[in-house]
Amino acid sequence: MTGTRIAALGHYQPAKVLTNGDLAALVDTSDEWISSRVGIRTRHMAGPDEPVDELAAHAAGKALAAAGLGPADIDLVLVATSTAIDRSPNTAARVAARLGMGSPATMDLNVVCAGFTHALATADHAIRAGGARRALVIGADKMTEVTDWTDRTTCVLVGDGAGAAVVEAVAEGDEPCIGPVLWGSVPEMGNAVRIEGTPPRFAQEGQSVYRWATQRLPALARQACERSGLAPEDLAGVVLHQANLRIIEPLAAKIGAVNAVVARDVIESGNTSAASIPLALAKLVERGELPSGAPTLLFGFGGNLSYAGQVVRVP
(Lines give C-alpha, C1' and ligand atoms only; values in the text may rest on other atoms or scores of the structure.)
Protein backbone atom coordinates (compact mmCIF):
# COMPACT_ATOMS: atom_id res chain seq x y z
CA MET A 1 0.00 0.00 0.00
CA THR A 2 1.14 3.53 -0.77
CA GLY A 3 -0.27 7.01 -0.51
CA THR A 4 -1.82 9.08 -3.25
CA ARG A 5 -1.79 12.64 -4.52
CA ILE A 6 -3.71 14.96 -6.78
CA ALA A 7 -1.44 15.39 -9.80
CA ALA A 8 -3.52 18.05 -11.58
CA LEU A 9 -6.89 19.77 -11.66
CA GLY A 10 -9.24 21.05 -14.34
CA HIS A 11 -12.57 22.86 -14.40
CA TYR A 12 -15.26 23.85 -16.86
CA GLN A 13 -18.35 26.06 -16.86
CA PRO A 14 -20.80 26.73 -19.69
CA ALA A 15 -20.55 30.07 -21.46
CA LYS A 16 -24.03 31.35 -20.59
CA VAL A 17 -24.11 33.46 -17.42
CA LEU A 18 -27.34 34.04 -15.51
CA THR A 19 -27.33 37.12 -13.27
CA ASN A 20 -29.57 37.98 -10.34
CA GLY A 21 -31.17 40.58 -12.60
CA ASP A 22 -32.03 37.85 -15.11
CA LEU A 23 -33.74 35.87 -12.35
CA ALA A 24 -35.67 38.94 -11.18
CA ALA A 25 -37.32 38.94 -14.60
CA LEU A 26 -38.49 35.33 -14.05
CA VAL A 27 -39.65 35.27 -10.42
CA ASP A 28 -40.42 37.67 -7.60
CA THR A 29 -36.86 38.33 -6.40
CA SER A 30 -34.09 40.92 -6.60
CA ASP A 31 -30.33 41.19 -6.64
CA GLU A 32 -30.40 42.55 -3.08
CA TRP A 33 -32.60 39.69 -1.83
CA ILE A 34 -30.39 36.99 -3.36
CA SER A 35 -27.05 38.60 -2.46
CA SER A 36 -28.00 39.24 1.16
CA ARG A 37 -29.41 35.77 1.79
CA VAL A 38 -27.08 33.43 -0.10
CA GLY A 39 -24.26 35.61 -1.45
CA ILE A 40 -24.71 34.54 -5.08
CA ARG A 41 -24.37 37.12 -7.87
CA THR A 42 -24.06 34.99 -11.00
CA ARG A 43 -24.21 31.37 -12.09
CA HIS A 44 -23.48 29.48 -15.34
CA MET A 45 -26.19 27.64 -17.25
CA ALA A 46 -25.68 24.81 -19.72
CA GLY A 47 -27.85 24.64 -22.83
CA PRO A 48 -30.19 21.79 -23.76
CA ASP A 49 -27.48 20.36 -26.03
CA GLU A 50 -24.86 20.28 -23.24
CA PRO A 51 -25.41 17.08 -21.18
CA VAL A 52 -23.68 16.58 -17.88
CA ASP A 53 -21.17 14.11 -19.37
CA GLU A 54 -20.02 16.81 -21.79
CA LEU A 55 -19.35 19.20 -18.89
CA ALA A 56 -17.46 16.42 -17.12
CA ALA A 57 -15.38 15.55 -20.19
CA HIS A 58 -14.29 19.18 -20.69
CA ALA A 59 -13.05 19.41 -17.09
CA ALA A 60 -11.40 15.97 -17.29
CA GLY A 61 -9.59 16.88 -20.52
CA LYS A 62 -8.16 19.98 -18.89
CA ALA A 63 -6.98 17.98 -15.87
CA LEU A 64 -5.29 15.42 -18.12
CA ALA A 65 -3.56 18.16 -20.10
CA ALA A 66 -2.37 19.85 -16.90
CA ALA A 67 -0.93 16.52 -15.72
CA GLY A 68 0.80 15.92 -19.06
CA LEU A 69 -1.13 12.67 -19.51
CA GLY A 70 -3.26 11.07 -22.19
CA PRO A 71 -6.50 9.06 -22.02
CA ALA A 72 -4.57 5.76 -22.09
CA ASP A 73 -2.87 6.66 -18.79
CA ILE A 74 -6.14 6.37 -16.83
CA ASP A 75 -7.54 3.06 -15.64
CA LEU A 76 -10.32 4.30 -13.35
CA VAL A 77 -12.94 7.00 -13.99
CA LEU A 78 -15.19 8.09 -11.14
CA VAL A 79 -17.89 10.68 -11.75
CA ALA A 80 -19.81 12.20 -8.86
CA THR A 81 -23.17 13.43 -10.15
CA SER A 82 -26.84 13.40 -9.22
CA THR A 83 -28.18 14.97 -12.41
CA ALA A 84 -27.49 12.29 -15.02
CA ILE A 85 -30.86 11.71 -16.69
CA ASP A 86 -30.00 8.32 -18.19
CA ARG A 87 -29.30 5.32 -16.00
CA SER A 88 -27.14 3.50 -18.54
CA PRO A 89 -24.58 3.96 -19.87
CA ASN A 90 -23.42 5.81 -16.81
CA THR A 91 -21.82 9.24 -16.97
CA ALA A 92 -18.30 7.89 -16.35
CA ALA A 93 -18.59 5.54 -19.33
CA ARG A 94 -19.74 8.38 -21.54
CA VAL A 95 -16.84 10.54 -20.37
CA ALA A 96 -14.42 7.71 -21.16
CA ALA A 97 -15.92 7.41 -24.64
CA ARG A 98 -15.74 11.16 -25.26
CA LEU A 99 -12.05 11.17 -24.27
CA GLY A 100 -11.19 8.08 -26.31
CA MET A 101 -10.02 5.98 -23.37
CA GLY A 102 -9.06 2.33 -23.64
CA SER A 103 -10.69 0.10 -21.05
CA PRO A 104 -10.91 1.92 -17.71
CA ALA A 105 -13.24 0.93 -14.91
CA THR A 106 -16.09 3.45 -14.95
CA MET A 107 -18.39 4.27 -12.04
CA ASP A 108 -20.83 6.99 -11.05
CA LEU A 109 -21.29 8.00 -7.41
CA ASN A 110 -24.49 9.74 -6.38
CA VAL A 111 -23.84 11.44 -3.07
CA VAL A 112 -25.17 14.77 -4.35
CA CYS A 113 -23.25 17.75 -2.91
CA ALA A 114 -20.76 15.53 -1.05
CA GLY A 115 -20.10 13.47 -4.17
CA PHE A 116 -16.65 14.72 -5.11
CA THR A 117 -15.07 14.16 -1.69
CA HIS A 118 -16.62 10.68 -1.58
CA ALA A 119 -15.24 9.94 -5.05
CA LEU A 120 -11.80 11.29 -4.13
CA ALA A 121 -11.68 8.99 -1.10
CA THR A 122 -12.80 6.05 -3.25
CA ALA A 123 -10.01 6.69 -5.76
CA ASP A 124 -7.49 7.00 -2.93
CA HIS A 125 -8.64 3.66 -1.50
CA ALA A 126 -8.60 1.92 -4.89
CA ILE A 127 -5.06 3.01 -5.68
CA ARG A 128 -3.78 2.20 -2.19
CA ALA A 129 -5.29 -1.29 -2.49
CA GLY A 130 -3.76 -1.90 -5.90
CA GLY A 131 -7.06 -1.89 -7.76
CA ALA A 132 -6.09 1.08 -9.94
CA ARG A 133 -2.96 2.85 -11.03
CA ARG A 134 -4.24 6.30 -11.94
CA ALA A 135 -7.76 7.74 -11.66
CA LEU A 136 -9.81 10.59 -13.02
CA VAL A 137 -12.12 11.91 -10.31
CA ILE A 138 -14.83 14.25 -11.58
CA GLY A 139 -17.62 16.21 -9.96
CA ALA A 140 -20.18 17.35 -12.52
CA ASP A 141 -23.77 18.51 -12.26
CA LYS A 142 -26.34 20.24 -14.42
CA MET A 143 -28.53 21.56 -11.65
CA THR A 144 -30.47 23.88 -13.93
CA GLU A 145 -32.03 20.83 -15.59
CA VAL A 146 -33.65 19.68 -12.33
CA THR A 147 -34.77 23.13 -11.18
CA ASP A 148 -38.29 24.50 -10.85
CA TRP A 149 -37.88 27.95 -12.39
CA THR A 150 -41.09 29.17 -10.74
CA ASP A 151 -39.76 28.45 -7.22
CA ARG A 152 -37.81 31.50 -6.09
CA THR A 153 -36.41 29.70 -3.03
CA THR A 154 -34.43 27.23 -5.15
CA CYS A 155 -34.00 28.63 -8.66
CA VAL A 156 -31.78 31.45 -7.37
CA LEU A 157 -29.30 28.95 -5.92
CA VAL A 158 -28.18 26.69 -8.73
CA GLY A 159 -25.58 26.62 -11.49
CA ASP A 160 -23.91 24.13 -13.82
CA GLY A 161 -20.29 23.06 -14.11
CA ALA A 162 -17.64 20.43 -13.57
CA GLY A 163 -14.30 19.99 -11.86
CA ALA A 164 -11.82 17.14 -12.21
CA ALA A 165 -8.69 15.77 -10.55
CA VAL A 166 -6.07 13.29 -11.71
CA VAL A 167 -5.21 11.06 -8.76
CA GLU A 168 -2.14 8.82 -8.69
CA ALA A 169 0.22 7.09 -6.26
CA VAL A 170 2.99 9.13 -4.66
CA ALA A 171 6.58 8.11 -5.26
CA GLU A 172 7.87 5.37 -2.97
CA GLY A 173 8.94 6.85 0.34
CA ASP A 174 6.99 10.11 -0.13
CA GLU A 175 4.27 11.23 2.25
CA PRO A 176 0.64 10.81 1.13
CA CYS A 177 -0.94 14.01 -0.18
CA ILE A 178 -4.56 12.89 0.26
CA GLY A 179 -5.42 12.43 3.90
CA PRO A 180 -7.80 9.92 5.48
CA VAL A 181 -11.46 10.63 4.81
CA LEU A 182 -14.05 11.40 7.45
CA TRP A 183 -17.43 10.49 6.00
CA GLY A 184 -20.92 9.65 7.12
CA SER A 185 -24.56 10.64 6.88
CA VAL A 186 -27.61 11.67 8.88
CA PRO A 187 -30.26 9.23 7.63
CA GLU A 188 -33.11 10.80 9.60
CA MET A 189 -32.48 14.06 7.69
CA GLY A 190 -32.25 12.38 4.30
CA ASN A 191 -35.27 14.28 2.96
CA ALA A 192 -33.79 17.69 3.80
CA VAL A 193 -32.26 17.92 0.31
CA ARG A 194 -33.98 16.12 -2.55
CA ILE A 195 -33.95 15.63 -6.31
CA GLU A 196 -37.00 13.50 -6.96
CA GLY A 197 -40.17 13.08 -8.96
CA THR A 198 -40.97 12.87 -12.69
CA PRO A 199 -39.55 15.05 -14.06
CA PRO A 200 -36.96 15.24 -11.25
CA ARG A 201 -36.90 18.50 -9.32
CA PHE A 202 -34.55 19.93 -6.70
CA ALA A 203 -36.07 20.84 -3.33
CA GLN A 204 -34.72 21.38 0.13
CA GLU A 205 -35.58 22.34 3.69
CA GLY A 206 -33.21 25.29 3.75
CA GLN A 207 -33.44 26.21 7.42
CA SER A 208 -32.89 22.62 8.58
CA VAL A 209 -29.78 22.30 6.40
CA TYR A 210 -28.49 25.69 7.54
CA ARG A 211 -28.86 24.82 11.23
CA TRP A 212 -27.25 21.40 10.81
CA ALA A 213 -24.35 22.75 8.77
CA THR A 214 -23.52 25.63 11.08
CA GLN A 215 -23.97 23.66 14.31
CA ARG A 216 -22.67 20.17 13.51
CA LEU A 217 -20.15 20.54 10.70
CA PRO A 218 -17.39 22.49 12.52
CA ALA A 219 -16.63 19.53 14.82
CA LEU A 220 -16.71 17.10 11.88
CA ALA A 221 -14.36 19.28 9.86
CA ARG A 222 -11.92 19.45 12.77
CA GLN A 223 -12.00 15.65 12.99
CA ALA A 224 -11.02 15.47 9.32
CA CYS A 225 -8.03 17.69 10.11
CA GLU A 226 -7.08 15.50 13.06
CA ARG A 227 -7.07 12.41 10.84
CA SER A 228 -4.41 14.10 8.72
CA GLY A 229 -2.37 15.06 11.79
CA LEU A 230 -3.02 18.78 11.33
CA ALA A 231 -4.57 21.48 13.46
CA PRO A 232 -7.08 23.81 11.75
CA GLU A 233 -4.65 26.71 12.07
CA ASP A 234 -2.15 24.72 9.95
CA LEU A 235 -4.48 24.82 6.95
CA ALA A 236 -3.57 27.04 4.02
CA GLY A 237 -6.94 26.59 2.33
CA VAL A 238 -10.53 25.61 3.07
CA VAL A 239 -12.84 24.51 0.26
CA LEU A 240 -16.32 23.70 1.54
CA HIS A 241 -19.31 22.75 -0.56
CA GLN A 242 -20.36 26.01 -2.19
CA ALA A 243 -23.98 26.06 -1.06
CA ASN A 244 -24.47 29.45 0.55
CA LEU A 245 -22.04 32.18 1.59
CA ARG A 246 -23.93 32.49 4.87
CA ILE A 247 -22.95 28.88 5.63
CA ILE A 248 -19.39 28.98 4.24
CA GLU A 249 -18.07 32.03 6.09
CA PRO A 250 -19.25 31.23 9.65
CA LEU A 251 -18.37 27.57 9.20
CA ALA A 252 -14.79 28.37 8.17
CA ALA A 253 -14.48 30.65 11.21
CA LYS A 254 -15.86 27.99 13.58
CA ILE A 255 -13.44 25.39 12.24
CA GLY A 256 -10.59 27.62 13.41
CA ALA A 257 -8.76 27.86 10.07
CA VAL A 258 -7.50 31.33 10.88
CA ASN A 259 -4.66 31.31 8.35
CA ALA A 260 -6.53 29.75 5.45
CA VAL A 261 -7.74 31.06 2.13
CA VAL A 262 -11.46 30.28 2.06
CA ALA A 263 -13.09 29.43 -1.28
CA ARG A 264 -16.02 31.71 -2.11
CA ASP A 265 -16.73 30.54 -5.64
CA VAL A 266 -20.44 30.36 -4.77
CA ILE A 267 -20.56 34.10 -5.46
CA GLU A 268 -19.93 33.67 -9.18
CA SER A 269 -20.96 30.04 -9.72
CA GLY A 270 -23.89 29.36 -7.40
CA ASN A 271 -24.50 25.89 -6.01
CA THR A 272 -23.12 23.39 -8.55
CA SER A 273 -23.62 20.38 -6.26
CA ALA A 274 -20.88 17.74 -6.77
CA ALA A 275 -18.94 20.12 -9.03
CA SER A 276 -18.62 22.86 -6.44
CA ILE A 277 -15.53 21.67 -4.54
CA PRO A 278 -13.29 20.68 -7.49
CA LEU A 279 -14.46 23.77 -9.41
CA ALA A 280 -13.56 26.11 -6.54
CA LEU A 281 -10.29 24.29 -5.78
CA ALA A 282 -9.14 24.34 -9.41
CA LYS A 283 -9.79 28.09 -9.63
CA LEU A 284 -7.81 28.83 -6.44
CA VAL A 285 -4.85 26.83 -7.76
CA GLU A 286 -5.10 28.35 -11.23
CA ARG A 287 -5.07 31.89 -9.79
CA GLY A 288 -2.09 31.08 -7.57
CA GLU A 289 -4.01 31.69 -4.35
CA LEU A 290 -2.95 28.27 -3.08
CA PRO A 291 0.68 27.33 -3.74
CA SER A 292 1.78 23.81 -4.61
CA GLY A 293 1.76 21.58 -1.55
CA ALA A 294 -0.56 23.81 0.46
CA PRO A 295 -2.58 21.75 2.98
CA THR A 296 -6.24 22.31 2.15
CA LEU A 297 -9.39 20.99 3.75
CA LEU A 298 -12.06 19.76 1.34
CA PHE A 299 -15.47 19.16 2.91
CA GLY A 300 -18.66 18.27 1.07
CA PHE A 301 -22.10 18.10 2.63
CA GLY A 302 -25.70 18.15 1.53
CA GLY A 303 -28.03 15.66 -0.11
CA ASN A 304 -28.88 12.38 1.62
CA LEU A 305 -27.83 14.16 4.23
CA SER A 306 -24.24 13.02 3.66
CA TYR A 307 -20.83 14.49 4.34
CA ALA A 308 -17.21 13.67 3.53
CA GLY A 309 -13.98 15.57 4.05
CA GLN A 310 -10.23 15.17 3.85
CA VAL A 311 -7.10 17.30 3.86
CA VAL A 312 -5.15 17.31 0.60
CA ARG A 313 -1.91 18.87 -0.61
CA VAL A 314 -2.71 20.85 -3.74
CA PRO A 315 -0.76 20.09 -6.93
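Bear in mind the structure is a predicted one, so any value in this text is a computation, not a measurement.

A. Quick peek at the packing of helix 3 (residues 52-67) against helix 4 (residues 91-99). Packing of helix 3 against helix 4 brings their axes to within 9 Å, and their N-to-C directions diverge by 55°. It follows from the interaxial angle that helix 3 and helix 4 lie oblique. Considering the relative orientation of helix 3 and helix 4, their crossing is right-handed. In this structure, helix 3 uses V52, D53, E54, A56, A57, A60, G61 and L64 to contact helix 4, whose residues at the interface are T91, R94, V95, R98 and L99. Tallied by class, the residues present in the contact of helix 3 with helix 4 amount to seven nonpolar, two polar and four charged.

B. Up close: the pairing of strand 5 (residues 105-109). Two elements, strand 4 (residues 76-80) and strand 5, share five bridges in a ladder whose sense is parallel. Paired with V77 across the two strands is T106, which belongs to strand 5. On the question of chirality, the crossover connecting strand 4 to the parallel strand 5 by way of helix 4 is right-handed.

C. Region of the structure containing the side chain of R43. Along the chain, R43 falls in strand 3 (residues 42-44). For the buried R43, no salt bridge is present, and the opposite-charge side chain at shortest range is D22, 7.0 Å distant. Of the polar contacts made by the side chain of R43, one reaches the side chain of N20; its length is 2.9 Å. Polar side-chain contacts of R43 include one of 2.7 Å to the backbone oxygen of V156.

Calculation criteria
Residues numbered from 1 in each chain as written. Predicted model: local features only at pLDDT ≥ 70, side-chain atom pairs only at ≥ 80, totals over all residues. Heavy atoms only, no water. Axes fitted to C-alpha atoms, helices over the stretch in contact; angles between N-to-C directions. Helix = DSSP H or I, 4+ residues; strand = E, 2+ residues; numbered from the N terminus. Parallel < 35°, antiparallel > 145°, perpendicular 65-115°, else oblique. Left-handed = near helix turned anticlockwise from the far one by under 90°. Contact = heavy atoms within 4.5 Å. Nonpolar A, V, L, I, M, F, W, Y, C, P; charged D, E, K, R; others polar. Pairing = 2+ DSSP bridges. Right-handed = clockwise from strand over helix to strand, strands pointing away. Buried < 20%, exposed > 50% of the residue type's maximum accessible area, 1.4 Å probe, protein only. Lys, Arg positive; Asp, Glu negative; His and termini not counted. Salt bridge = Lys/Arg side-chain N within 4 Å of Asp/Glu carboxyl O. Polar contact = N/O pair within 3.5 Å; in protein donor to acceptor, adjacent residues only side chain to side chain.

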